[in-house]
Amino acid sequence: EILQVASNEIGVANAMIVAAKEGGQAPDRSKLNIPFLTEAQEIMNAYFASFPGIREYLDRQVGHATVEGFTETILGRRRYIPELQAANPRVRDLGRRQALNAPIQGSAADIIKVAMINVDQALKDAGLKSRMLLQVHDELLLEVEPGERDGLEKLVKDQMCGAYPLDVPLEVSVGYGRSWDSAAH
């Protein structure tokens, strides 16, 4: 089904993407030619009012990176961000965006890497002939041997959901098909 989206809705979504890249703060409208920034900022403000812990987390990340010079992923990998100390405000803003993004994206990468290692080992331990072919962002693509589908689904879900202990559950969905596209869930 194709959804009809009004141009103003696309504008608000684009402005929210810009605001999200700025850590939830829309950039100065006078510096950018992006319509709908006011509405996007209102949505972001409502979001952070509903979930103040997220704003606090983001502010802590930037503060830590500014003082220490780096951010860390959930597994302790560091991303050094010297841009936060730059004299040029545009470069400092880039550093701020990196400090906001790196711990989140890097932690997601950490978790999928652990999941890949665990799935690979579990496939070997179970003596399955199915194999992992590809990882794209938070997805694993496997080639499934005939007769292994049900056991493989449980194995992969268990390994991916248990890749790293978090306060919230890691959810995994599975799709099947003869191609990546047809397996989309």
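One numbering rule holds for all chains: residues counted from 1, following each sequence as written. The predicted origin of the model limits local features to residues at a pLDDT of at least 70 and limits the giving and counting of side-chain atom pairs to 80 or more, whereas totals for whole chains, interfaces and linings rest on all residues. Water and hydrogen atoms play no part in the side-chain values, which are based on all heavy atoms of the structure.

Participant: Where do I start with the packing of aromatic side chains in this structure?
Facilitator: Aromatic ring pairs: the centre-centre distance and the angle between the two ring planes describe each pair. The criterion for an aromatic pair is that two Phe, Tyr or Trp rings (for Trp, the six-membered ring) have centres within 6.5 Å, with stacked assigned to planes under 30 degrees apart, edge-to-face to planes over 60 apart and tilted to the rest. Scanning all chains against the criterion turns up three aromatic pairs. Residues Tyr47 and Phe48 carry aromatic rings whose centres are separated by 5.3 Å and whose planes lie at 70 degrees to one another, so their mutual orientation is edge-to-face. A simple rule labels every residue: compare its accessible area, found with a 1.4 Å probe on the protein chains alone, to the largest value its type can have, and call it buried under 20%, exposed over 50%, or partly exposed in between. What makes Tyr47 partly exposed here is its relative accessible area of 36%. For Phe48, a relative accessible area of 11% puts it in the buried group. Seen in terms of ring centroids, Tyr47 and Phe51 are 5.2 Å apart; in terms of plane orientation they differ by 50 degrees. Their pairing is tilted. Taking the relative accessible area as the measure of exposure, Phe51 reaches 45% and is therefore partly exposed. Here the aromatic cluster, defined as three or more aromatic residues joined through ring pairs, consists of Tyr47, Phe48 and Phe51. By definition here, charges over rings are those cases where NZ of Lys or CZ of Arg is within 6 Å of the ring centre and within 35 degrees of the ring normal. Its end group placed over the ring of Tyr176, Arg149 keeps NZ or CZ at 3.5 Å from the ring centre.

Participant: Where do I start with the nonpolar core in this structure?
Facilitator: Within soluble globular proteins, side chains that are nonpolar generally end up buried alongside one another. We call a set of buried residues a nonpolar core when its members are Ala, Val, Leu, Ile, Met, Phe, Trp, Tyr or Cys and they connect through side-chain atoms within 4.5 Å of each other. Counting 14 residues, the largest nonpolar core has Val119, Leu142, Val156 and Met160 as its most contacted members. Each helix corresponds to a stretch of at least 4 residues labelled H or I by DSSP, and each strand to a stretch of at least 2 residues labelled E; elements are numbered beginning at the N terminus. Mapped onto this core, the elements with two or more residues apiece are helix H4 (89-126), strand S4 (139-143) and helix H5 (149-161). Counting residues per element, this core draws most heavily on H4, which supplies six residues. Note on definitions: a residue-residue contact is assigned when non-hydrogen atoms from the two residues lie within 4.5 Å. Those residues in contact with Met160 that lie beyond four places of it in its chain are Ile112, Ala115, Val119, Asp138, Leu140, Leu170 and Val172. Within the second largest apolar cluster, nine residues are counted, among which are Leu58, Ile81, Leu84 and Ala99.

Participant: Would you mind going over the pairing of strand S3 (residues 131-136) with me for this structure?
Facilitator: Remark: a regular strand shows side chains that alternate across the two faces of the sheet. For two strands to pair, DSSP has to find at least two bridges joining them. In this structure, S3 lies alongside S4, joined through five bridges in antiparallel fashion. Counterpart to Met132 in the pairing with S4 is Leu142. The hairpin turn running from S3 into S4, its antiparallel successor, is two residues long, and His137 in that turn takes a positive phi close to 55 degrees.

Participant: Would you take a moment to explain a nonpolar patch on the surface for this structure?
Facilitator: Nonpolar side chains collect at one region of the surface, where Ile74, Leu75, Leu166 and Val168 lie side by side and expose about 320 Å² of accessible area between them. Mapped onto the secondary structure, Leu166 falls in the segment after H5. Its relative accessible area of 36% is what places Leu166 among the partly exposed residues. Each patch is built from residues that are more than 30% exposed by relative accessible area and take part in no salt bridge. Like charges join if they lie within 9 Å; nonpolar side chains (Val, Leu, Ile, Met, Phe, Trp, Tyr) join within 5 Å. Each accessible area is a Shrake-Rupley estimate made with a 1.4 Å probe; only the visible protein chains count as cover when residues are assessed. Salt bridges, as used here, are contacts in which a Lys or Arg side-chain nitrogen is within 4 Å of a carboxyl oxygen on Asp or Glu.

Participant: Would you mind showing me how to read the pattern of salt bridges here?
Facilitator: When charged atoms on two side chains of opposite charge get close, those side chains can pair. Tallied over the entire structure, the rule returns six salt bridges. Salt-bridge contacts for Lys124 lead to Asp120; the nearest nitrogen and oxygen are separated by 3.2 Å. In this pair, Lys124 and Asp120 are both assigned in helix H4, four residues apart and thus about one turn of the helix distant. Arg131 is the salt-bridge partner of Glu143, the closest N and O atoms lying 2.9 Å from each other. In this pair, Glu143 is assigned in strand S4 and Arg131 in strand S3, connecting sequence segments twelve residues apart. Note on Glu143: relative accessible area 34%, which makes it partly exposed.

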